[in-house]
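Examination of the molecular architecture
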2 protein chains.
Amino acid sequence: MRKKTILGVFGFGCVGQGLYNVLHQTRGFNAEIKKICIKHPEKKRPIDSSFFTTNRDDILNDPEINVVVELIDDVDAAYEIVSSSLKKKKAVVSANKKMIAENFPALLRLQQQYDTPFLYEASCCASIPVIRNLEEYYDNDLLTSVEGILNGSTNYILTHIFDNNKPFDEALKDAQRLGYAESDPSLDVKGLDPKYKLLIILVHAFGIILRPDEIFNYGIQNLKDADIRYAREKNARIKLIAKCSKIDNRVYAYCMPRFIPLSDTLNKVTYEYNGLLLEGAFAEHQFFMGKGAGGNATGSAVLSDISALTYDYRYEYKKLSQKLNHSFTQEIELEIFVSYNGETSPDPADFTGISVKHESPGFNYMIGKINLAKLIRATWREDPAVSIVLTENNF
Amino acid sequence: MRKKTILGVFGFGCVGQGLYNVLHQTRGFNAEIKKICIKHPEKKRPIDSSFFTTNRDDILNDPEINVVVELIDDVDAAYEIVSSSLKKKKAVVSANKKMIAENFPALLRLQQQYDTPFLYEASCCASIPVIRNLEEYYDNDLLTSVEGILNGSTNYILTHIFDNNKPFDEALKDAQRLGYAESDPSLDVKGLDPKYKLLIILVHAFGIILRPDEIFNYGIQNLKDADIRYAREKNARIKLIAKCSKIDNRVYAYCMPRFIPLSDTLNKVTYEYNGLLLEGAFAEHQFFMGKGAGGNATGSAVLSDISALTYDYRYEYKKLSQKLNHSFTQEIELEIFVSYNGETSPDPADFTGISVKHESPGFNYMIGKINLAKLIRATWREDPAVSIVLTENNF
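A brief structural summary.

The rules behind the values
Every chain begins its residue count from 1, and numbering advances along the sequence as written. Whichever chain is written first is A, and whichever ligand is written first is 1; the rest continue in order. For this predicted model, a pLDDT threshold of at least 70 governs which residues receive local features, and a threshold of 80 or more governs which side-chain atom pairs are given and counted, while totals over whole chains, interfaces and linings are taken from all residues. Runs of H or I in DSSP of at least four residues are treated as helices and runs of E of at least two as strands, each being numbered from the N terminus. Exposure classes come from backbone-placed C-beta atoms, where a residue is buried if 20 or more other C-beta atoms lie within 10 Å of its own, exposed if 12 or fewer do, and partly exposed in between. Copy-to-copy alignment: least squares on C-alpha atoms, limited to residues at pLDDT 70 or above in both. Contacts here follow a simple rule: the backbone-placed C-beta atoms of the two residues must lie within 7 Å. Any two strands with at least two DSSP-identified bridges between them are counted as paired. Note on method: axes are straight lines fitted to C-alpha atoms, helices fitted across the in-contact stretch only, with angles between N-to-C directions ranging 0 to 180 degrees. Expected helix span is given by 1.5 Å per residue-to-residue step, counting one fewer step than there are residues.

On to the environment of Arg177(A), then. All names here are of chain A. With respect to the helices and strands, the residue Arg177 is situated in helix 9 (residues 168-177). Of the residues examined, Arg177 has 9 C-beta atoms within 10 Å and is grouped as exposed. Sequence separation between Arg177 and Lys374 is 197 residues, and the spatial gap between their C-alpha atoms is 38 Å.

Structure (structure tokens):
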């Protein structure tokens with residue numbers, strides 16, 4: 001008989017309540033929530049007030065609590081909670097991609113130093129089992145690429161725009177109302193949230209640890225109606241794609257919008273769903289799709305981590321320990337579509353080749369090949385009147 | 001430092017060679033093949049002859065060999081090898097769905113009695129991680145349904161028929177030549193192979209152990225050109241679907257062809273790929289797609305089991321131990337399309353309702369609702385002139 005899991009939970013927002021729901025509707029699982037630490041005791045809560053505290057030490061100093069679940073928004077406070085818990089040898093489960101991506105090296109050291117597991121399956125694609133599969137199943141597969149739609153909120157917005165002709169702002173408000181968007185929506189629409197997830201995937205797929213500022217992210221906030229129309233004319237939708245891929249020993253990564261032809265598998269990923277394509281030498285193409293946001297979907301992934309802790313599961317960071325000597329590069333060529341107004345236009349000298357240049361009243365665009373490192377340095381790309389979408393011709 | 005894995009392999013066909021390839025191209029994995037037991041020493045082999053033996057005891061009695069990999073066709077011999085290995089406390093990895101499905105209770109007892117793990121991830125959907133995910137990840141999800149395309153060979157045949165207008169026989173020969181078909185193709189086309197996989201999934205998804213003869217399978221061998229044309233007219237393809245699903249505490253299961261609308265996610269599963277849809281109370285819809293056949297894809301799944309054994313992984317059969325009290329039922333209503341020639345026709349009295357009856361020169365069909373248990377007992381369904389396809393209206 002395994003030791004009973006006694007949980008201390010930080011945060012009782014969308015995911016915290018999802019965890020509570022999931023935990024109370026499943027059977028045969030020997031775990032209970034003892035305390036929930038919250039910031040706003042005045043808020044009305046759907047469960048008994050005896051669960052709640054505003055004092056973090058009621059959880060951190062309770063020797064009976066053996067698993068800490070961190071589900072708060074504030075990144076600094078979250079890191080403080082996770083590191084304090086690990087130092088007290090309490091196993092931790094977190095869904096906080098930003099906190100993990102920004103503090104990865106320190107979190108790795110703490111796990112090793114205090115010999116205590118830290119699991120974060122829910123941080124990547126909510127309900128889709130990504131991290132444990134990358135660790136356990138693709139351990140001996142020669143992975144070459146992981147790419148997909150890692151942000152439920154922007155995918156929800158883009159689906160509404162393309163399928164239901166909704167304006168951007170209205171679609172964003174819907175996503176927020178349904179709990180699919182981060183409380184700061186710029187994390188989603190600027191492509192930061194999927195970048196944090198990509199950083200975590202890079203560790204478990206390729207053994208590469210990077211800082212968030214080392215990966216290029218370009219969001220969907222500058223997309224114009226004309227860009228949407230252009231995509232429709234080309235029988236495509238636009239999706240925000242996070243990708244990391246390996247060429248020989250060099251790994252590149254980015255998070256950018258891309259035209260996805262209607263016939264493409266990724267076009268099956270609609271609304272708040274996430275989808276992930278893996279390519280490997282042996283398993284070849286694999287595709288995973290599931291809910292990428294929402295309290296119950298994320299709560300169920302958190303619970304699967306809590307369940308894994310009952311048999312002392314911990315990430316072994318196999319790709320890190322294999323010393324694969326992969327190096328990170330931004331020296332790759334991408335083909336991009338750039339639309340712009342009359343005042344700001346992309347500098348043709350930045351491109352290695354331009355295949356299309358179109359100018360018409362109200363809609364100018366060009367399609368050309370550009371080195372990713374050069375695109376990152378280009379100042380014209382920062383103009384809100386410019387919008388950039390990867391063409392479907394990118395490997 | 002973990003103990004080195006020394007493998008004894010039975011069989012060196014498509015999957016055995018795939019395992020050899022995968023193992024020799026991956027790094028950081030501390031395992032080697034010591035002996036391979038084969039039946040035909042006279043066959044030319046692509047690797048050094050010192051690997052081979054025809055004497056099973058060279059593997060079973062070698063104390064250095066700690067993992068036995070069973071990859072042969074003969075079901076009785078395979079069971080004998082697996083059970084002998086477990087009795088000698090050698091961990092076993094197998095990809096033999098038929099052997100596992102036919103001997104499940106005995107194999108479960110042997111694992112418990114000799115406290116030795118038996119893993120068989122490759123038996124279900126080759127490269128798609130199914131069993132370990134059902135065990136580990138959907139442990140606390142209230143699963144309601146698992147369905148999909150579990151047979152790469154028939155899917156390859158049906159894709160060729162629908163997309164490339166190939167005749168059935170030619171498509172089957174192609175599948176065999178490429179190593180996607182079982183050596184006895186009737187295992188594939190009659191729906192037996194996916195039924196064996198469904199039996200294994202039933203254990204890990206719902207904790208239900210059944211004999212193969214307890215699940216209805218209906219294959220694709222009776223499909224006529226007129227049925228294919230009918231599907232095309234309705235903007236659908238026909239796919240062989242294996243499904244198990246739960247209504248309250250009752251679980252039903254079957255393996256039958258179904259019309260799949262072109263817009264359906266399952267239509268993205270083409271050629272030798274498999275695809276699996278999971279439905280649960282919390283994670284809701286999830287979809288997995290990957291290569292369901294072929295030496296390297298299957299070999300890579302075998303290697304992932306070998307890798308899992310290095311950290312003493314074993315299936316805990318959580319759904320069995322949770323004592324879920326699910327009962328198996330065939331008392332469900334299905335809507336089916338039945339085509340027939342003039343001589344044999346389905347008995348209308350077997351149906352609870354007939355919505356369409358069509359008679360024309362050379363093509364008669366009806367669409368109606370029928371209880372699965374009644375369909376199983378109906379003698380008309382055994383006539384080769386009759387072909388049955390589930391409509392898309394089945395839950």
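Picking up where we left off.
Turning next to the relation of the copies chain B and chain A. One copy of the chain maps onto the other through a rotation about an axis plus a displacement along that axis. Under the fitted operation, chain B is carried onto chain A by 0.0 Å of movement along the axis and a turn of 180°, and the coordinates agree to an RMSD of 0.0 Å. Seen this way, the second copy is the image of the first under a two-fold rotation axis. Every residue of chain B has its C-alpha some distance from the rotation axis, and the shortest such distance is that of Phe288(B), at 2.3 Å. Of the residues that chain B buries at the interface, 100% are likewise interface residues in chain A, meaning the two copies contact each other through the same surface.

Our next topic: the interface of chain B and chain A. In this assembly, 39 residues from chain B lie in contact with 39 residues from chain A. Pairing analysis gives five bridges linking strand 12 (residues 284-291) of chain A to strand 12 (residues 284-291) of chain B, with the strands arranged antiparallel. When the bridges of strand 12 of chain B are listed, Gln286(A) appears paired with Gly290(B).

Our next topic: the sheet that holds strand 3 (residues 52-53) of chain B. Residues and elements named next belong to chain B. Spatial ordering of the open sheet is given by 3-2-1-4-5-6, a layout of six strands whose pairing is parallel. Strands at the two margins of the open sheet, each flanked by one partner only, are strand 3 and strand 6 (118-119). Note that strand 4 (residues 67-70) and strand 5 (residues 91-94) share four bridges and pair parallel. Within the sheet, the bridge partner assigned to Val69 lies in strand 5 and is Val93. Where helix 1 (residues 14-25) meets the sheet, its contacts fall on strand 1 (5-10), strand 2 (31-37) and strand 4, and the angle it forms with strand 2 comes to roughly 155°. Packed on one face of the sheet, helix 3 (residues 75-87) meets strand 1, strand 4, strand 5 and strand 6 and runs near 170° to strand 4.

What follows is about helix 11 (residues 192-206) of chain A. Residues and elements named next belong to chain A. Between the first and last C-alpha of helix 11 there are 20 Å, a value that for 15 residues agrees with the 21 Å anticipated at 1.5 Å per step. For helix 11, a buried count of 15 out of 15 residues is recorded, marking the element as mostly surrounded by other parts of the structure. The positive-phi residue at the C-terminal boundary of helix 11 is Gly207, with phi of around 70°.

A few words now on the sheet that holds strand 2 (residues 31-37) of chain A. Residue and element names in this part refer to chain A. Spatial strand order, 3-2-1-4-5-6: six strands in an open sheet with parallel pairing. Of all the strands in the sheet, just strand 3 (52-53) and strand 6 (118-119) have a single pairing partner and so form its edges. With four bridges connecting them, strand 1 (residues 5-10) and strand 4 (residues 67-70) associate as parallel partners. Its bridge partner lying in strand 4, Gly8 is registered against Val68. In the packing of helix 1 (residues 14-25) onto the sheet, contacts are made with strand 1, strand 2 and strand 4, and the angle to strand 2 comes to roughly 155°.

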